[in-house]
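Residue-level listing of the chains:
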Amino acid sequence: MKKFSVLMVLLFLILGIYGGRTTPPLFDIDKELDSFKKSEVTEEEKEKYNDMEFYLITGGPGSLVWENFGHSAILFTSPDSFPIAYDWGIFTFDDSFFVNFAFGRLYYEAWATYGEYRIESLISDDRSVTALKLELDENQKKNLLSFLMYSTKEENKTYLYDYFRDNCATRPRDIYSWLTDGEFEEKLKSTPSEETLRETVERHLSLSTFPVAWTISYLLGPDTDKEETKWEACFLPSTLNECMKDYQECEDEIIYSSFGRKPVPEKWSLKIRSFLMGLALIAISLLPITRKRWIERCSDIILGIIYLFFGVLSLVLLFFMLFTIHNVTKGNINCLIISPLCLISSFLHFASLSKKRKNRALLFNSGAMLVLAFILLTLRLIIPSFIQDSYAVFIPAIMLYASEVFASYKSMKNK
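Now for a quick tour of the structure. Only a predicted model underlies this, so the values are computations on that prediction, with no experimental measurement involved.

Points about the layout of surface pockets
Part 1 of the reasoning: In this structure, the largest pocket occupies an estimated 1300 Å³ of space.
Part 2 of the reasoning: Val65, Trp66, Glu67, Tyr108 and Tyr161 are, among the 41 residues lining the largest pocket, the residues nearest its centre.
Part 3 of the reasoning: Only strand 3 (81–90), helix 4 (97–102), strand 4 (107–114), helix 5 (115–124), helix 9 (197–205) and helix 10 (210–219) provide two or more residues apiece to the lining of the largest pocket.

Structure below.
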């Protein structure tokens, strides 16, 4: 058991380092925009394009996890046409969706749909909606409409969605920057963001449940902890809206305000809630020291399930790191803090439901995980750039492993 645990630790360390390689994007909108030829309006076209208007439509958070971050679209209006919404957030749950998702192949599509219907669908879900008029000249309007029509053609509409680099907000961001000849990007890249991508994600996941927020934070790698600029922060629709308002020095129009949804908090700490999670794990793991057999059994069942979840989650993370194009998980040291060694603890707890409790094996396995977690935490404190912000994972893991070591040692001593 000891040799096996040591070998497993070394294997996970090697795999964690190997899993740090990222995959380049398969669909690059910058290349599309660079190759798309701009044109100028003729005298005959001036009136036509002058009457056109474009708006950035921003939808607030919704109920589902992927809706917690809001939504962006570009609305086209013209006296000669009904309003059209150009939307890059379309995906379908077909037979291949879950297999593609597992490997990071998030194939999304750009659709042109009836604008009023798209807005009404957000309102019917009690999601706030704002419209920001894009201040564009006739040439910019012509090029924008041409590219939007090009993007929604059957042969061009599919792209590889990326949580932070290529989504329903970054596409309008990149297109708008292209229209401004890069001025918008230059301004945003010179302005630092007020929080990391991880902090932004955690704040918005507060609209969901703590287990969901904690699990997603566990899966996020070090790229989400880098110091970012407003440009990167515009993966979030509401941030894009604010940045474009600031750039144009204008205000947006509130089409609908949600009245039943909890707002996204300005500050929200996953670490505090992880500490409370750790306290609960300590209480459960210390139950065996009561020396009452039925209490020991209850503790072993609960801990067996918890360790099983942790172990499976770590295997999922390793799979994402090594065999998929989920770049956001690459180089994630969390697979060492809560590692597949948890599966050994899960097995030992379920095995302890028999007559004899596996205290010695639990002591060693928990001790090995505790030492490894402490080493990684020390490295994080000494060299913050070496390891990502994993305090929300460190806190409950160390609390659990330490209490397991204490409970196993105490039980052995009492017997």
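Moving on from the coordinates now.
Considerations on the pairing of strand 3
Part 1 of the reasoning: The buried count for strand 3 comes to seven of ten residues, which makes it a mostly enclosed element.
Part 2 of the reasoning: Looking at chain direction, strand 2 (residues 71–78) and strand 3 are connected through five bridges and run antiparallel. Among the inter-strand pairings, Ala73 is bridged to a residue of strand 3, identified as Asp87.
Part 3 of the reasoning: Counted between consecutive antiparallel strands, the loop separating strand 2 from strand 3 contains two residues.

A closer look at unusual backbone geometry
Part 1 of the reasoning: The backbone phi angle of Asp126 is positive, close to 55°, even though this residue is not glycine.
Part 2 of the reasoning: Inspection of the secondary structure puts Asp126 in the loop between helix 5 and strand 5 (129–133).
Part 3 of the reasoning: The backbone phi angle of Glu249 is positive, close to 55°, even though this residue is not glycine.
Part 4 of the reasoning: Mapping Glu249 onto the fold places it in the loop between helix 12 (237–248) and strand 7 (253–256).

Focus on empty space enclosed by the protein
Part 1 of the reasoning: Scanning all chains against the criterion turns up three cavities of 30 Å³ or more.
Part 2 of the reasoning: Here the largest cavity is characterised by a volume of approximately 50 Å³.
Part 3 of the reasoning: Listed by contribution, the elements that provide at least two residues to the lining of the largest cavity are helix 9, helix 10 and helix 18 (391–414).
Part 4 of the reasoning: A per-element tally of the lining of the largest cavity places helix 18 first, with three residues.
Part 5 of the reasoning: Split by residue class, the lining of the largest cavity holds four nonpolar, three polar and four charged.

Basis of the calculations
- Residues numbered from 1 in each chain as written.
- Predicted model: local features only at pLDDT ≥ 70, side-chain atom pairs only at ≥ 80, totals over all residues.
- Heavy atoms only, no water.
- 1 Å grid on protein atoms, 1.4 Å probe; cavity = no way out; pocket = protein on both sides within 12 Å on 5 of 7 lines; lining within 4 Å.
- Points joined across faces, edges and corners; volume = space filled by probe spheres on them.
- Helix = DSSP H or I, 4+ residues; strand = E, 2+ residues; numbered from the N terminus.
- Buried < 20%, exposed > 50% of the residue type's maximum accessible area, 1.4 Å probe, protein only.
- Pairing = 2+ DSSP bridges.
- Nonpolar A, V, L, I, M, F, W, Y, C, P; charged D, E, K, R; others polar.

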